[in-house]
Amino acid sequence: GDIIIRPTDLQNDKTSLRTGLAKNEGIITSAYINLRVKEEYSNSFYHYYLHAIDINKIIYGLGSGLRQNISFWDFKRFPFPFPPLPEQTKIAQFLDDKTTKIDEAISIKEQQISLLKERKQILIHKAVTQGLNPKATLKNPGVEWIREIPEHWEVRKLKEICKAFGRIGFRGYTTSDLVNEGEGAITISPSNIKEEFMTFEKCSYLSWKKYEESPEIQIFNDDVLIVKTGSTFGKVGIVKALPQKATINPQLLVLKEININPDYFYSALKTSMIQIQVQQEVIGSTIPTISETKILNFKMTLPPEKEVEEIVLYLEDLKEKFKTAISLKQEEIEKLKEYKSSLINSVVTGKVRVC
């Protein structure tokens, strides 16, 4: 029942909430403030009130400094409304009911997004392992994790399709080799690889000297990246719209000289056909890792070149349709969140009366 306040914003991220209502007993660290509402008032009402001034960013005006710190004493001078206790209780009960229903609606839409993503991955997997012809004669390829493929398709090892390059140990780098933006090349890390794209908004930069030292891992558009070390092992990305010169950090391998369509290759690497092999070959529990040799020995299906191009076009259309469907669901979620925030604000400030 206590109201917990996070008095410092997270790296000036003004999208994250600072307020919460305790559901269990415990303690707080020095990073938080605990507000205990007196028994003659409704803690739930004041939680909603603080939530409202939080989402409206009024709470940021309490503190000072670059980190927007708020102290307990700031709350001492902050004015709070005092409607009669019965009205506080009614407001809290009303908002409990409405926000629960809104949260349930949001949860359903989030589940729908998960199902859309799952369905998309099933269709991608089917396209790159069995093609687009539902009447094709299938064969057993003799590979445990690949059930059936069209009889005119092949199974190839990655080393027959591409070459792999990683950052060689003696050409590693230390923090002294990292520079400011504009003074060196982007050094790509696993965090730059997102679910369906790569992002270069938040990057580290490596000196030009270290960049030129390893030309084999200089990155270009349509290079495919795979994480070989760390908690996100097996994560795959394809480089598109590279904003400037780039290289990789030691956690990554770059796959180059790809002799099939790189978009097909990228899609195949993301399917369970490859990810099962990743799980089988990874070693180490503290720092999971897969060797370059093992990755190059992974097996994948390979159709004739004409079918590869047809599948790539199909996948482009498929991904665009699912992107649109997911985006619509995300917009609906944002509208529900906006409605929830507006409702809380209107009710706790008396703009909307609860009878």
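Given the structure is predicted, the values throughout are model-derived calculations rather than measurements.

## A closer look at the overall build of the protein
Summing up its helical and strand segments, the protein has eight helices and 15 strands in all. Computed over its C-alpha atoms, the radius of gyration of the protein comes to 27 Å, more than 25% above the 20 Å expected for a compact globule of 355 residues. A principal-axis box enclosing the C-alpha atoms of the protein has dimensions of 80 × 55 × 35 Å. The buried share among the 355 residues of the protein stands at 43%. Restricting the contact set of the protein to residue pairs at least 6 apart, pairs at least 24 apart contribute 74%. Surface exposure of the protein reaches about 20,000 Å², of which carbon and sulfur atoms provide 53%. The averaged location of the 46 negative side-chain charges in the protein is 2 Å from the averaged location of its 49 positive side-chain charges.

## A word on the nonpolar core
Nonpolar side chains tend toward joint burial in soluble globular proteins. In this structure, L158, V224, I260, Y264, F265, L269 and M300 are the most contacted members of the largest nonpolar core, which totals 42 residues. If one sorts the elements of this core by residue count, helix α8 (residues 305-348) sits on top with six residues. Among all residues touching F265, those that are not within four sequence positions of it are L158, I161, C162, V224, L255, I258, I260 and M300. The next biggest cluster of nonpolar side chains, apart from the first, holds 27 residues, and it includes F75, I91, I106 and V348.

## Observations regarding the environment of E87
Looking at the element boundaries, E87 is found in helix α3 (residues 85-130). Along the chain, E87 and L138 lie 51 residues apart, while their C-alpha atoms are 70 Å from each other.

## Some details on the layout of surface pockets
By volume, the largest pocket is sized at about 650 Å³. Along the walls of the largest pocket sit 24 residues, with K120, E196, F197, K319 and K323 positioned nearest its centre. Breaking the lining of the largest pocket down by element, the ones donating at least two residues are α3, α5 (262-270) and α8. Ranked by the residues each element gives to the lining of the largest pocket, the list is headed by α8, at ten residues. In this structure, the second largest pocket occupies an estimated 450 Å³ of space. Around the second largest pocket, the lining is made up of 15 residues, and of these L35, R36, V37, F75 and F80 lie nearest the centre. Of all the elements in the fold, those that place two or more residues in the lining of the second largest pocket are β3 (33-35), α1 (43-55) and α2 (72-76). Take the lining of the second largest pocket: its biggest share by element is three residues, from α2. Partitioned by chemical class, the residues of the lining of the second largest pocket number eleven nonpolar, one polar and three charged.

## Here's the deal with the environment of I287
Looking at the secondary structure, you find I287 in the loop between α6 (272-281) and α7 (292-296). I287 sits in the exposed class, given a relative accessible area of 56%. Remark: the alpha-carbon pair of I287 and T229, spanning 58 residues in sequence, is separated by 6.9 Å. Setting aside anything within four residues of it in sequence, one finds I287 in contact with T229 and G230.

## Some points on the packing of α3 against α5
Closest axis-to-axis distance for the α3/α5 pair is 9 Å, and the angle between their directions is 120 degrees. You can see that α3 and α5 cross each other, and the crossing is left-handed. Within the contact between the two elements, α3 uses Q121, I124 and V128 and α5 uses Y264, S267, A268 and K270. Counted by class, the contact of α3 with α5 contains four nonpolar, two polar and one charged residues.

## Describing the packing of aromatic side chains
Evaluation of the coordinates by the stated rule reveals seven aromatic pairs. Relative to F80, the ring of Y49 has its centre 5.9 Å away and its plane inclined at 55 degrees; by these criteria the two rings are tilted. Placement of the pair is Y49 in helix α1 and F80 in the loop between α2 and α3, with a sequence separation of 31 residues. Under the relative-accessibility criterion, Y49 is labelled buried at 11%. Judged by relative accessible area, F80 falls into the partly exposed class, the value being 25%. Members of the aromatic cluster, each reached through a chain of ring pairs, are Y41, F45, Y46, Y49, F80 and F82.

Procedures and definitions
Residues numbered from 1 in each chain as written. Predicted model: local features only at pLDDT ≥ 70, side-chain atom pairs only at ≥ 80, totals over all residues. Heavy atoms only, no water. Helix = DSSP H or I, 4+ residues; strand = E, 2+ residues; numbered from the N terminus. Rg over C-alpha atoms; globule rule 2.2 N^0.38 Å. Buried < 20%, exposed > 50% of the residue type's maximum accessible area, 1.4 Å probe, protein only. Contact = heavy atoms within 4.5 Å. Areas by Shrake-Rupley, 256 points an atom, 1.4 Å probe, with all protein chains shown as cover. Lys, Arg positive; Asp, Glu negative; His and termini not counted. Charge placed at Lys NZ, Arg CZ, Asp CG, Glu CD. Core = buried A, V, L, I, M, F, W, Y, C linked by side-chain atoms within 4.5 Å. 1 Å grid on protein atoms, 1.4 Å probe; cavity = no way out; pocket = protein on both sides within 12 Å on 5 of 7 lines; lining within 4 Å. Points joined across faces, edges and corners; volume = space filled by probe spheres on them. Nonpolar A, V, L, I, M, F, W, Y, C, P; charged D, E, K, R; others polar. Axes fitted to C-alpha atoms, helices over the stretch in contact; angles between N-to-C directions. Left-handed = near helix turned anticlockwise from the far one by under 90°. Phe/Tyr/Trp six-rings, centres within 6.5 Å; stacked < 30°, edge-to-face > 60°.

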